[in-house]
Amino acid sequence: MSLSTVGDTKNAENATENAKVALTVNGRVRQLELDPRTSLLDALREHLHLTGTKKGCDHGQCGACTVLINGRRINSCLTLAVMHADDEIVTIEGLGSPDALHPMQAAFVLRDGFQCGYCTPGQICSAIGMLAEAKAGWPSHATADVAAQTTALTDAEIRERMSGNICRCAAYPNIIAAIRDVAEGDRG
Ligand code: FES
Ligand code: FES
């Protein structure tokens, strides 16, 4: 057997059949045919052309790819698209529109919570997921009393809970101010 024949045989063995999957993204069902190894991030960006969700590190370290799945935040680079056929996926494009911003989007604008904006979609999705976690009584590493039913969202709590979202422009003080505004509005 020649070397190229060996290579062809190996390639054929390694070939993966595409999988059909219907993803519900921003309230719309989208039919896709994907290599089953496709990450949710690549499915969103490369197949559905929803490029608001950003690719930073592509291995779970920067948070730029954060989206909401059934209301919970997730790094879309760390999960496979085919695992989410029964889920409600929300990306930054589904949160609001230029004429009707989501309160978190409006707060980021008001507080100038970005510079280059690359991390911002992930920051906003993450902040919305984080507020829901705090509201549900989930403690964080910064929570003094983990048995308490409610935790005041101090700046230290917000910083800790948002620590998975990196901002290369270091817009952190304004990001925290924006999140605090929404958190305080929620309490009011
Ligand atoms: S691109 Fe997913 S965490 Fe960085
Ligand atoms: S605004 Fe530039 S990376 Fe955060």
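Details of the structure are given in the entry above.
Given the structure is predicted, the values throughout are model-derived calculations rather than measurements.

Some thoughts on the packing of helix α4 (residues 103–110) against helix α5 (residues 120–135)
Closest axis-to-axis distance for the α4/α5 pair is 10 Å, and the angle between their directions is 125°. Looking at the two axes, α4 sits oblique to α5. Considering only the axes of α4 and α5, their crossing is right-handed. Across the interface between the two elements, Met 104, Gln 105 and Phe 108 of α4 pack against Thr 120, Ile 124, Ala 127 and Ile 128 of α5. Residue classes in the contact of α4 with α5 are distributed as five nonpolar, two polar and no charged.

Points about the environment of Glu 160
On the secondary structure map, Glu 160 appears in helix α6 (residues 155–161). On the neighbour-count criterion, Glu 160 (15 C-beta atoms within 10 Å) is partly exposed. Along the primary structure Glu 160 and Thr 143 are separated by 17 residues, whereas in three dimensions their C-alpha atoms are 9.3 Å apart.

Some details on the pairing of strand β3 (residues 66–69)
In this sheet, strand β4 (residues 72–75) lies alongside β3 in antiparallel orientation, the contact comprising four bridges. Considered in β4, the bridge of Leu 68 is made with Arg 73. Linkage of β3 to β4, two consecutive antiparallel strands, is achieved through a turn of two residues, within which Asn 70 is found at a positive phi near 50°. In this structure, β3 lies alongside strand β5 (residues 88–90), joined through two bridges in antiparallel fashion.

Quick look at unusual backbone geometry
Phi angles above zero are rare outside glycine, and Asn 26 is one such case at about 50°. Examined against the element boundaries, Asn 26 turns out to sit in the loop between β1 (19–25) and β2 (28–34). The phi dihedral of Asp 58 falls on the positive side, at around 65°, and the residue is not glycine. With 15 C-beta atoms packed within 10 Å, Asp 58 lands in the partly exposed category.

Brief notes about the nonpolar core
Among the nonpolar cores identified, the biggest contains 41 residues, and Met 104, Ile 124, Ala 127 and Ile 179 are the most heavily contacted of them. Counting residues per element, the ones that place at least two in this core are β1, α2 (40–47), β3, β5, α3 (92–95), α4, α5 and α7 (172–187). Ranked by residues supplied to this core, first place goes to α5 with six residues. Not counting residues up to four positions away in its chain, the partners in contact with Ile 179 are Ala 127 and Ile 158.

As for α4
If you check which residues of α4 are buried, you get Met 104, Gln 105, Ala 107 and Phe 108. Looking straight down α4, one finds its buried side chains confined to an arc of 160°; they lie on one side.

So, how was this worked out
- Residues numbered from 1 in each chain as written.
- Chains lettered and ligands numbered in written order.
- Predicted model: local features only at pLDDT ≥ 70, side-chain atom pairs only at ≥ 80, totals over all residues.
- Axes fitted to C-alpha atoms, helices over the stretch in contact; angles between N-to-C directions.
- Helix = DSSP H or I, 4+ residues; strand = E, 2+ residues; numbered from the N terminus.
- Parallel < 35°, antiparallel > 145°, perpendicular 65-115°, else oblique.
- Left-handed = near helix turned anticlockwise from the far one by under 90°.
- Contact = placed C-beta atoms within 7 Å.
- Nonpolar A, V, L, I, M, F, W, Y, C, P; charged D, E, K, R; others polar.
- Buried ≥ 20, exposed ≤ 12 C-beta atoms within 10 Å, placed from the backbone.
- Pairing = 2+ DSSP bridges.
- Core = buried A, V, L, I, M, F, W, Y, C linked by C-beta atoms within 7 Å.
- Arc of directions from axis to C-beta.

Just distances and angles here, no functional claims.
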